[in-house]
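Residue strings, one per chain:
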Amino acid sequence: MFISNAYAQSASPLDALGLGGNLTSFLPLILMFVAMYFLMIRPQQKRAKEQKAMMEALAKGDEIVTAGGVLGRVTKVTDLYVTIEISSGAEMTVQKNSVTMLLPKGTLKAL
């Protein structure tokens, strides 16, 4: 009287194959991972590859900016360290990893 009848749902065709529940539950997760790869992981790998190529290509006379914001001209390059001239007669040795940007030639004279 007070309780309504409960009826079973009909099975979908995908349930007969065993793919219905599994595929639809993992599809959003797979799509999220693909989107994260293209939006976050791939650009970061590209940027790291460019940074590594720039550090390997450092040569004497290049004008650079360090992570601390120091501008200078490269006077000596070793495997791990770079010596930069920040003003006439004042040199500073920094790690190669701290070099963030390579400036166009003549930038320091314009400042």
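- The name given to the chain in an unreviewed UniProt entry is Sec translocon accessory complex subunit YajC, with the source organism recorded as Duganella vulcania.
- The record in UniProt for the chain states the following under Sequence similarities (unreviewed entry): "Belongs to the YajC family."

## A look at the overall build of the chain
Then comes step 1: Along the backbone of the chain there are three helices and five strands.
Then comes step 2: When each of the 111 residues of the chain is scored for burial, the buried share is 16%.
Then comes step 3: Counting contacts in the chain only where the partners sit at least 6 residues apart, residues at least 24 apart contribute 40% of the total.
Then comes step 4: Split by element, the accessible area of the chain, about 9100 Å² in all, is 63% carbon and sulfur.

## Overview of the pattern of salt bridges
Then comes step 1: Taken as a whole and judged by the stated rule, the model has two salt bridges.
Then comes step 2: For Lys105, the salt bridge is made with Asp62, and the minimal N-O distance between the two is 3.4 Å. With Lys105 in the loop between strand S5 (99–103) and helix H3 (107–110) and Asp62 in the loop between helix H2 (20–56) and strand S1 (63–66), the pair connects residues that are 43 residues apart, well separated along the chain.

## Observations concerning the packing of aromatic side chains
Then comes step 1: Evaluation of the coordinates by the stated rule reveals one aromatic pair.
Then comes step 2: With a centroid separation of 5.2 Å and 80 degrees between ring planes, the pair formed by Tyr37 and Phe38 is classed as edge-to-face.
Then comes step 3: Overall, the relative accessible area of 47% leaves Phe38 in the partly exposed class.

## As for the side chain of Thr83
Then comes step 1: The topology assignment puts Thr83 in strand S3 (residues 81–87).
Then comes step 2: A distance of 3.5 Å separates a polar atom in the side chain of Thr83 from a polar atom in the side chain of Thr93.
Then comes step 3: Leaving out residues up to four positions away in the same chain, Thr83 has contacts with Arg73, Val74, Thr75, Lys76, Glu91, Met92 and Thr93.

## Some details on a nonpolar patch on the surface
Then comes step 1: On the surface, a cluster of nonpolar side chains totalling about 1200 Å² of accessible area is made up of Phe26, Leu29, Ile30, Met32, Phe33, Val34, Met36, Tyr37, Phe38, Leu39, Met40 and Ile41.
Then comes step 2: As for its placement among the helices and strands, Phe33 is situated in helix H2.
Then comes step 3: Residue classification places Phe33 among the exposed positions, given a relative accessible area of 53%.

Quick notes on the rules
- Residues numbered from 1 in each chain as written.
- Predicted model: local features only at pLDDT ≥ 70, side-chain atom pairs only at ≥ 80, totals over all residues.
- Heavy atoms only, no water.
- UniProt positions renumbered as here; feature names shortened; annotations may be inferred.
- Helix = DSSP H or I, 4+ residues; strand = E, 2+ residues; numbered from the N terminus.
- Buried < 20%, exposed > 50% of the residue type's maximum accessible area, 1.4 Å probe, protein only.
- Contact = heavy atoms within 4.5 Å.
- Areas by Shrake-Rupley, 256 points an atom, 1.4 Å probe, with all protein chains shown as cover.
- Salt bridge = Lys/Arg side-chain N within 4 Å of Asp/Glu carboxyl O.
- Phe/Tyr/Trp six-rings, centres within 6.5 Å; stacked < 30°, edge-to-face > 60°.
- Polar contact = N/O pair within 3.5 Å; in protein donor to acceptor, adjacent residues only side chain to side chain.
- Patch = residues over 30% accessible without salt bridge, like charges linked within 9 Å, V, L, I, M, F, W, Y side chains within 5 Å.

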